[in-house]
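# Structural description and commentary
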Amino acid sequence: VVVVVVVVVVVVAFVVVHAVPDGFVGMVGGDLVIQSPEEGSVWIDGEDYVAARKQLSSAVAVLEAQNEELVQENAVLVNAFQATSSKLCHALGSTATTLPMTGGTFALDVSEKGDRVVTAMPNREVGVWDITTTPPALLHTIQYPRYETDRNWITTILISKDDSTLFVVDKNAAINVWNLTTSPPTMITELLHSDLGSFAMVLTHDESHLIVSVRNATSEDNSVLILHLDLPNASITYVDSIEGFSNSIDGLALSRDDTILYTAGATRQVDVWNMTTSPPTKLRRLPRAGNSKFNSLALSHNDTRLYAGDQYGALHVWDLPSESFHMLDLHENTASAFAVSQADDRLYTASYDNTISIWDVTQFPPALVHTLEGHNGWVTVLALSEATGQLISGADERQNSVRIWKTVC
């Protein structure tokens, strides 16, 4: 009987082992069995297998500990690099060049070549500066027209991509267009809305239209005007408008294909508009936190991130593809102006706390890289030259109101 039992056990074991399909891995009688078409049945002693597993676990634990050490060392190196970069930025930034002009400014722009800066100056003058010289030289002074319903200051300045045309709008919503290729610059045309005020202007990327926000001085009927530019014929004509805003629109941002417009301002909302319809139709209203007024607006060059600054200095960020939203403390006072790098990796923010902050926007939410200090008044406007890597800032201060920062971190 004993012999029969042994034979049965052997036969059963044989059947179990050799009847399994190729690729089988399992335990048989305490041993590890691997079945493959190339090697056949491979038996590993159970005790050896357990010992090997323990050795492997120990090795994995050692590697994980070493990896954790590397992660910590990398964090130390990153922090050291950021600290060094910050010191370098501060050292170079503190030597920013200043334009030799008196009085504050609320509007400026830099040419595409990065060799000219146009600034609003006191007494309704516009200055054209050569910033390739040391110190920068004032090339031309344009006397901006003074209208009957003068509301003091120039609010927006834009230079065309080919550096040939200058667009200037003031708080009267008076739009002046100047030819920068002549010496001195000559006026091409103007458009006046004497009962309105303007706080924002954007040029379409094909430079065929000008979009201007206007505020009615006598009612709550605020608008965004779409104007057609025919500069060879010295003509600006009304095309369309977005009506019915309850308060002023202080920020405009346009998609690269000119089909989507973003608006923000004292309305306390950020709205998205379809510019392919007439009149433009509202697509949606973006979610937000709080109830503050917006003072600045910027869109990344790849149309994926929208940035808005509010009256209390907070930064509102929308990741448009995922519809994610984040708000973080930005400045100690109003976030007044933004500039986005061409590579969409840096956001530059100006504030009434007299500082400029540089943000790493490759991550979400953005991370603060460095803060530039030096202005003694509200920083009101920014312009970024990708050609030269210079950041130009304007402020409301009596002297040194325009600075050209020699480094962009």
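Another point: the pattern of salt bridges. Pairing between side chains of opposite charge can happen when the charged atoms of each approach one another. Counting across every chain of the model gives 6 salt bridges. One salt bridge in this structure joins R116 and D130, with 3.3 Å as the shortest N-O distance. Residue R116 is located in strand β6 (residues 116–121), and its partner D130 is located in strand β7 (residues 125–130); the two are separated by 14 residues in the primary sequence. Exposure remark for R116: the relative accessible area of 28% places this residue in the partly exposed category. Given the relative accessible area of 12%, D130 is considered buried. Here R285 ties to D271 by a salt bridge, and the two come within 2.7 Å at their closest N and O atoms.

Further remarks concern unusual backbone geometry. Going from S278 to P279, the amide bond is cis rather than trans, its omega being -5°. Within the fold, P279 resides in the loop between β19 (270–274) and β20 (281–285). Here the residue pair F364 and P365 is connected by a cis peptide bond, since its omega of 5° sits within 30 degrees of zero. Relative to the helices and strands, P365 resides in the loop between β27 (356–360) and β28 (367–372). Notably, N354 is not glycine yet its phi reads approximately 75°, a positive angle.

By way of backbone hydrogen bonds, the strands of a sheet pair with one another, either parallel or antiparallel. Taken in spatial order, the 4 strands of this open sheet run β9-β10-β11-β12, and their pairing is antiparallel. Strand pairing shows two members of the sheet lacking a second neighbour, β9 (154–159) and β12 (186–191), which therefore form its edges. Adjacent strand axes in the sheet meet at a mean angle of 20°, parallel and antiparallel pairs treated alike. The pairing of strand β11 (residues 175–179) with β12 spans 5 bridges and is classified as antiparallel. Residue N179 lies in a different strand from β12, and its bridge partner there is T186.

Among the structural elements, N274 can be located in strand β19. Taking C-alpha positions, N274 is 6.7 Å from L261, a pair spaced 13 residues apart along the chain. Ignoring sequence-local partners within four residues, the contact set of N274 consists of T259, P280, T281 and L283. Looking at N274, its side chain comes within polar contact range of the side chain of T276, at 2.6 Å.

The subject of this paragraph is the nonpolar core. Counting 16 residues, the largest nonpolar core has F167, I175, M201, L210, V212, L227 and I236 as its most contacted members. Those elements that place two or more of their residues in this core are β10 (165–170), β11, β13 (196–203), β14 (209–216) and β15 (222–230). Those residues in contact with V212, other than ones at most four positions away along the chain, are V169, I175, S198, A200, M201, S223, V224, L225, L227 and L252.

On to the packing of aromatic side chains. Tallied over the full model, the rule gives 4 aromatic pairs. Among the aromatic residues, those joined into a cluster by ring pairs are F294, W318 and F325.

Within β11, 5 of the 5 residues are buried, leaving the element largely enclosed by the surrounding structure. The two faces of β11 match: I175, V177 and N179 on one face and N176 and W178 on the other face are all buried.

So, on to the sheet that holds strand β26 (residues 346–351). The antiparallel open sheet is built from 4 strands, whose spatial order is β25-β26-β27-β28. For this open sheet the edge positions go to β25 (335–340) and β28, each flanked by a neighbour on one side alone. Across the sheet, the mean angle from the axis of one strand to that of its neighbour is 25°, orientation sign disregarded. Pairing of β26 with β27 involves 5 bridges; the strand directions are antiparallel. Note on β27: the bridge partner recorded for R346 is D360.

Time to look at the environment of P100. Among the secondary structure elements, P100 is positioned in the loop between β4 (97–98) and β5 (108–110). Since its relative accessible area comes to 54%, P100 is described here as exposed. Considered as a pair, P100 and N400 are 300 residues apart in the sequence and their alpha carbons are 6.7 Å apart. Discounting residues that sit within four places of it in the chain, P100 has contacts with W129 and P136.

Attention shifts here to the environment of L297. Following the sequence through the fold, L297 ends up in strand β21 (residues 294–299). In this structure the C-alpha to C-alpha distance between L297 and L315, which are 18 residues apart in sequence, comes to 9.9 Å. L297 has contacts with G251, L252, A253, Y262, T263, A264, L306, Y307, A308 and F338, leaving out every residue within four places of it along the chain.

Attention now goes to the side chain of R403. Checked against the element boundaries, R403 lands in strand β31 (residues 402–405). For the buried R403, no salt bridge exists, and the shortest N-O distance to an oppositely charged side chain is 4.7 Å, to E397. Among the polar contacts made by the side chain of R403, one reaches the main-chain carbonyl oxygen of G374 at a distance of 3.0 Å. When near neighbours in sequence (up to four residues on either side) are disregarded, R403 contacts A96, T97, T98, G374, H375, L391, I392 and S393.

The rules behind the values
Residues numbered from 1 in each chain as written. Predicted model: local features only at pLDDT ≥ 70, side-chain atom pairs only at ≥ 80, totals over all residues. Heavy atoms only, no water. Salt bridge = Lys/Arg side-chain N within 4 Å of Asp/Glu carboxyl O. Helix = DSSP H or I, 4+ residues; strand = E, 2+ residues; numbered from the N terminus. Buried < 20%, exposed > 50% of the residue type's maximum accessible area, 1.4 Å probe, protein only. Pairing = 2+ DSSP bridges. Axes fitted to C-alpha atoms, helices over the stretch in contact; angles between N-to-C directions. Contact = heavy atoms within 4.5 Å. Polar contact = N/O pair within 3.5 Å; in protein donor to acceptor, adjacent residues only side chain to side chain. Core = buried A, V, L, I, M, F, W, Y, C linked by side-chain atoms within 4.5 Å. Phe/Tyr/Trp six-rings, centres within 6.5 Å; stacked < 30°, edge-to-face > 60°. Lys, Arg positive; Asp, Glu negative; His and termini not counted.

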